[in-house]
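Structural characterization, general
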Amino acid sequence: RKTSRRKRLLLWLGLDLAVGAVVILLLLHKPARYQPVVPASSDPNAQEVDPYLHRDLWSRFYNGVQRQRPFEMVVLDRALNQAIGKLKWPQESGGITLAAPEVLFTAERIVLMGTARVEGADFVVTIEFGPRLDDQGRLNLLVEKVKVGAMPVTLPAKLMAKQMYQDRLATND
């Protein structure tokens, strides 16, 4: 009986260790499509806005809005990523350090990826947005998927975001 108990205990312990190792590997996975732009080193105290943002995007957006009609705007992900990369990174929020953001545009989604450092461990966080137009023609970005590494965490992330939003509303009342 003792050997039988020991074997079962060792089997469960081995199974728990295997599951734990798989979870850790999934969390630490770096997606192949995550290739953030590393900008050339510039002055960290510079306050200038990237020319792509103010000369190209902002002027097109402003001119399109002035016509008060629907308009199209082309946003190039490579140029946008270079502009984003020139911002001050890394940034810290709530004990989590965010760095190396990247935006990808696919046929159906907008994908935001970045590295989150939590207590010395780096995780690649991926958030996929599904752009939708409402009845009045306004753009809504709906969160469709959230992953840490290769592990989907959409449901817990949405529940946490909902709770944080409700807490923020309660403090503003």
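Described below are features of the structure shown in this document. Note that residues are indexed from 1 along each chain, following the sequence as it is written. The predicted nature of this model means local features are confined to residues of pLDDT at least 70 and side-chain atom pairs, given and counted, to a pLDDT of 80 or more, with totals for whole chains, interfaces and linings taken over all residues. With hydrogens and water set aside, each side-chain value is computed from the structure's full complement of heavy atoms.

**Regarding the pairing of strand E4 (residues 121-133)**
Any two strands are treated as partners once DSSP identifies two or more bridges connecting them. Helix and strand assignments come from DSSP, with helices taken as H or I runs of at least 4 residues and strands as E runs of at least 2, each series counted from the N terminus. Note: strand E3 (residues 110-118) against E4, 9 bridges, orientation antiparallel. Considered in E4, the bridge of Met-113 is made with Thr-126. The turn linking E4 back onto strand E5 (residues 139-148) is made up of 5 residues, and Gly-137 within it adopts a positive phi angle of 80 degrees.

**Notes on the environment of Pro-70**
Examined against the element boundaries, Pro-70 turns out to sit in the loop between helix H2 (51-66) and helix H3 (77-85). Between the C-alpha atom of Pro-70 and that of Arg-138, which follows or precedes it by 68 residues, the distance is 9.9 Å.

**Digging into the packing of H2 against H3**
Axis definition: a line fit to C-alpha positions, over the contact stretch in the case of helices; interaxial angles, taken between N-to-C directions, run 0 to 180 degrees. It is at 9 Å that the axes of H2 and H3 come closest, and there the two elements cross at 135 degrees. Judged by the angle between their axes, H2 and H3 are oblique. Packed against H2, whose contacting residues are Tyr-52, Leu-53 and Leu-57, the element H3 presents Ala-79, Leu-80 and Ala-83 at the interface. Asp, Glu, Lys and Arg are counted as charged, while Ala, Val, Leu, Ile, Met, Phe, Trp, Tyr, Cys and Pro are counted as nonpolar; the rest, among them Gly, fall into the polar class. Considering only residue class, the contact of H2 with H3 consists of 6 nonpolar, no polar and no charged. Working definition: roughly parallel below 35 degrees, roughly antiparallel above 145 degrees, roughly perpendicular at 65 to 115 degrees, and oblique for all remaining angles. When checking whether two residues touch, look at their non-hydrogen atoms; a contact exists if any pair is within 4.5 Å.

**Thoughts on the packing of aromatic side chains**
Note on aromatic pairs: the rings of Phe, Tyr and Trp (six-membered ring only in Trp) are paired at centre separations within 6.5 Å, and the planes decide the class, stacked below 30 degrees, edge-to-face beyond 60, tilted for the rest. This model, assessed by the stated rule, comprises 2 aromatic pairs. Ring geometry for Trp-58 against Phe-61: centres 5.6 Å apart, planes inclined by 35 degrees, an arrangement best described as tilted. In this pair, Trp-58 and Phe-61 are both assigned in helix H2, 3 residues apart and thus about one turn of the helix distant. Overall, the relative accessible area of 52% leaves Trp-58 in the exposed class. Here the term buried applies to any residue with accessible area under 20% of the maximum for its type, exposed to any over 50%, and partly exposed to those in between, with areas from a 1.4 Å probe on protein chains only. Look at Phe-61 and you get partly exposed, because its relative accessible area is 36%. Here the aromatic rings of Phe-61 and Phe-71 are separated by 6.1 Å at their centres, their planes lie at 65 degrees, and the arrangement is edge-to-face. Separated by 10 residues along the polypeptide, Phe-61 in helix H2 and Phe-71 in the loop between H2 and H3 bring together distant segments of the chain. Among the aromatic side chains, those forming a connected cluster through ring pairs are Trp-58, Phe-61 and Phe-71.

**Describing the sheet that holds strand E6 (residues 151-152)**
One open sheet accounts for 6 strands, arranged E1-E2-E3-E4-E5-E6; its pairing is antiparallel. Either end of the sheet is taken by a strand with one partner, and the two such strands are strand E1 (91-93) and E6. As judged from the 3 bridges shared by E1 and strand E2 (residues 96-105), these two strands associate in the antiparallel manner. Bridge pairing links Gln-91 to Leu-98 in E2. With respect to the sheet, helix H4 (residues 154-172) is in contact with E5 and E6, its orientation differing from that of E5 by roughly 125 degrees.

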